[in-house]
Amino acid sequence: MSKRHPPTARALAGRGSPNRAGLVSVIIPAYNDAATVERTIASVLSQTYSDLEVLVVDDGSTDETALLVQRMADVDPRIRLLQKANGGLVSARNYGIAHASGEFIAPIDADDLWHPEKIKKQVAVMRDRGNQVGLVYCWSRAIDEQDRVLWDVSPCSLRGSVYAALIIRNFLPSGAPLVRRRCVEEVGGYDATLLSRGANCCEDLKFNLDIAERFDFDLVPEFLFSYRVRVGSMSTNIDAMLRSRNMVIEEVRARHPELPARLFRCASGHQHREFGLTYLSEGHFLTGARLLLRALGEDPFATVRMGTERVFARFWRSGGFSGAGGGLVKRKFLEADPTAFGQRPRATWTRKRLAYITKLPVERRHEQLTKQREIDSAA
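First things first, this report covers the structure right here in the doc. Just so you know, these numbers come straight off a predicted model, no measurement behind them.

## A word on the overall build of the protein
Within the protein, the secondary structure is distributed over 14 helices and nine strands. Across the 379 residues in the protein, those meeting the buried criterion constitute 55%. The contacts of the protein with a sequence gap of at least 6 include a subset with a gap of at least 24, amounting to 81%. Total accessible area computed for the protein in this model is approximately 16600 Å², and 56% of it derives from carbon and sulfur atoms.

Next comes the structure, spelled out in structure tokens:
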């Protein structure tokens, strides 16, 4: 990705306490989240892994967010309220990380939920796999305002080097990862320059790519995270998301000339297909059709196959069917079996496409730096 962000990196490395082995620092940025922040914190405190600190960063809220958080902090000393002037999501996350003391960082937004076993299972994978693994993710579900399951996010089971796959699809939402603190510090945290560059809708993708460029990923194959979907919240941001994503991916392309043009065509086709289908589902037919036509030109086979599956899945959900998950849809997330599927899982890629992605040679960041030092020495 783009160059590291030295001021942020220095802050991350210098402001917090020394890393305490085994401690997980949960980072919760909050801005006017009084309606949901208590439920989010409760799901964090319910973790079966108890060695936690919970840093809630109130990013200049004008509602009762800070009051509610402080009330919970007065009861549980693991909670700490941090307050700052409004600076946006990335600013709040980095502020929390800078004040963290843990060996691991676990972000979650103030309207999302964790299953009680999430952190315990992710820490176990971290311990088992060793230092080369920088991030462990889990599968995710979408929930409504009442915490009821809407659908399963298409599960991905990639491990190891996932950089090329992330270029096509950012398959882990913001609250799914557990990350080693030293890895977060190495990449400089979340990229604080995105906002000024007009790419502030892709902070999670950029962060995940930065980690994947240096370290392996691993997985707990269970639905241990849920993110809240609000009616009408998607279409207003799609244009900004496309612009942001294009900016981030173009930086990737410039940084990794060894990656083939086909990969970036597949990535562009995937985004146009996903956003086109979203526009169609919300009644914006002309815009949706325009995006799908672009996707057909960029990646025709995948667009026809996955577009058909998506349309069928939307029909299935709108018809009130619960799929093969024993009625998980509309059940409260915390009551749902995290090992069961809410509906028949849809493959993100065909076997042929998956084999192509996983075999692509991607230079790790340390390899690039070594080559650059050799070039500089020869000059």
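Next comes the rest of the account.
## Comments concerning the packing of aromatic side chains
Centre distance and the angle of the planes are the two values used to describe a pair of aromatic rings. Going through the model one piece at a time under the given rule, you end up with five aromatic pairs. Their ring planes at 55° and their centres at 5.3 Å tell us that Y137 and F171 sit as a pair that is tilted. With Y137 in strand β6 (residues 133-143) and F171 in the loop between α6 (163-168) and β8 (178-180), this residue pair connects regions lying 34 residues apart in the sequence. Considered together, Y137 and F171 belong to a single accessibility category, that of buried residues. One aromatic cluster is present, built from ring pairs that chain together W139, F223 and F341. A cation over an aromatic ring shows up here: R93 above the ring of Y190, its NZ or CZ 4.8 Å from the ring centre. Over the face of the ring belonging to Y356 we find R262, whose NZ or CZ atom lies 3.9 Å from the ring centre.

## Details of the nonpolar core
V24 and I167 are the most contacted members of the largest nonpolar core, which has 87 residues in total. Filtering out sequence-adjacent residues up to four positions away, V24 remains in contact with Y49, D51, L52, E53, F104, A106, I119, V123 and L178. Counting residues in each nonpolar core, the second largest holds seven residues, with L113, V149, F333 and A340 among its members.

## With respect to the pairing of β6
One face of the sheet, then the other: side chains in a regular strand alternate in exactly this way. Of all the 11 residues making up β6, 11 are buried; the element is thus mostly covered by neighbouring parts of the structure. Bridging between β6 and strand β9 (residues 216-228) involves 10 bridges; their strand directions are parallel. In the strand pairing of β9, I143 is matched with R228. Taken together, the two bridges between β6 and β8 define a ladder with antiparallel strand orientation. Each residue of the ladder has a partner; that of L135, found in β8, is V179. Hairpin connection of β6 to strand β7 (residues 149-152): five residues between the antiparallel strands, including D147 at a positive phi of 70°.

## Topic: the packing of helix α2 (residues 37-45) against helix α3 (residues 65-73)
Running from amino to carboxyl end, α2 crosses α3 at an angle of 30°, the nearest separation of the two axes being 10 Å. Taken together, the axes of α2 and α3 lie roughly parallel to each other. Where α2 crosses over α3, the handedness of that crossing is right-handed. Between α2 and α3, the residues in contact are V37, E38, I41, A42 and L45 and L68, V69 and M72, respectively. Broken down by class, the residue content of the contact of α2 with α3 amounts to seven nonpolar, no polar and one charged.

## Describing the pairing of strand β4 (residues 102-107)
In terms of residue burial, β4 counts as a mostly covered element, since six of its six residues are buried. In this structure, strand β1 (residues 20-30) lies alongside β4, joined through five bridges in parallel fashion. Note that in β4 the partner of V26 across the bridge is A106. Taken together, the two bridges between β4 and β8 define a ladder with antiparallel strand orientation.

## Brief notes about a positive patch on the surface
Taken together, the side chains of R253, R262, R265 and K352 make up a positively charged region of the molecular surface. Mapping R262 onto the fold places it in helix α10 (residues 261-281). When its relative accessible area of 35% is taken as the criterion, R262 is described as partly exposed.

## Quick look at a nonpolar patch on the surface
Taken together, L293, L296 and V304 make up a surface patch of nonpolar side chains, about 280 Å² in accessible area. Among the structural elements, L293 can be located in helix α11 (residues 285-298). The exposure class of L293 is exposed, given its relative accessible area of 60%.

Procedures and definitions
- Residues numbered from 1 in each chain as written.
- Predicted model: local features only at pLDDT ≥ 70, side-chain atom pairs only at ≥ 80, totals over all residues.
- Heavy atoms only, no water.
- Helix = DSSP H or I, 4+ residues; strand = E, 2+ residues; numbered from the N terminus.
- Buried < 20%, exposed > 50% of the residue type's maximum accessible area, 1.4 Å probe, protein only.
- Contact = heavy atoms within 4.5 Å.
- Areas by Shrake-Rupley, 256 points an atom, 1.4 Å probe, with all protein chains shown as cover.
- Phe/Tyr/Trp six-rings, centres within 6.5 Å; stacked < 30°, edge-to-face > 60°.
- Lys NZ or Arg CZ within 6 Å of the ring centre and 35° of its normal.
- Core = buried A, V, L, I, M, F, W, Y, C linked by side-chain atoms within 4.5 Å.
- Pairing = 2+ DSSP bridges.
- Axes fitted to C-alpha atoms, helices over the stretch in contact; angles between N-to-C directions.
- Parallel < 35°, antiparallel > 145°, perpendicular 65-115°, else oblique.
- Left-handed = near helix turned anticlockwise from the far one by under 90°.
- Nonpolar A, V, L, I, M, F, W, Y, C, P; charged D, E, K, R; others polar.
- Patch = residues over 30% accessible without salt bridge, like charges linked within 9 Å, V, L, I, M, F, W, Y side chains within 5 Å.
- Salt bridge = Lys/Arg side-chain N within 4 Å of Asp/Glu carboxyl O.
- Lys, Arg positive; Asp, Glu negative; His and termini not counted.
- Charge placed at Lys NZ, Arg CZ, Asp CG, Glu CD.

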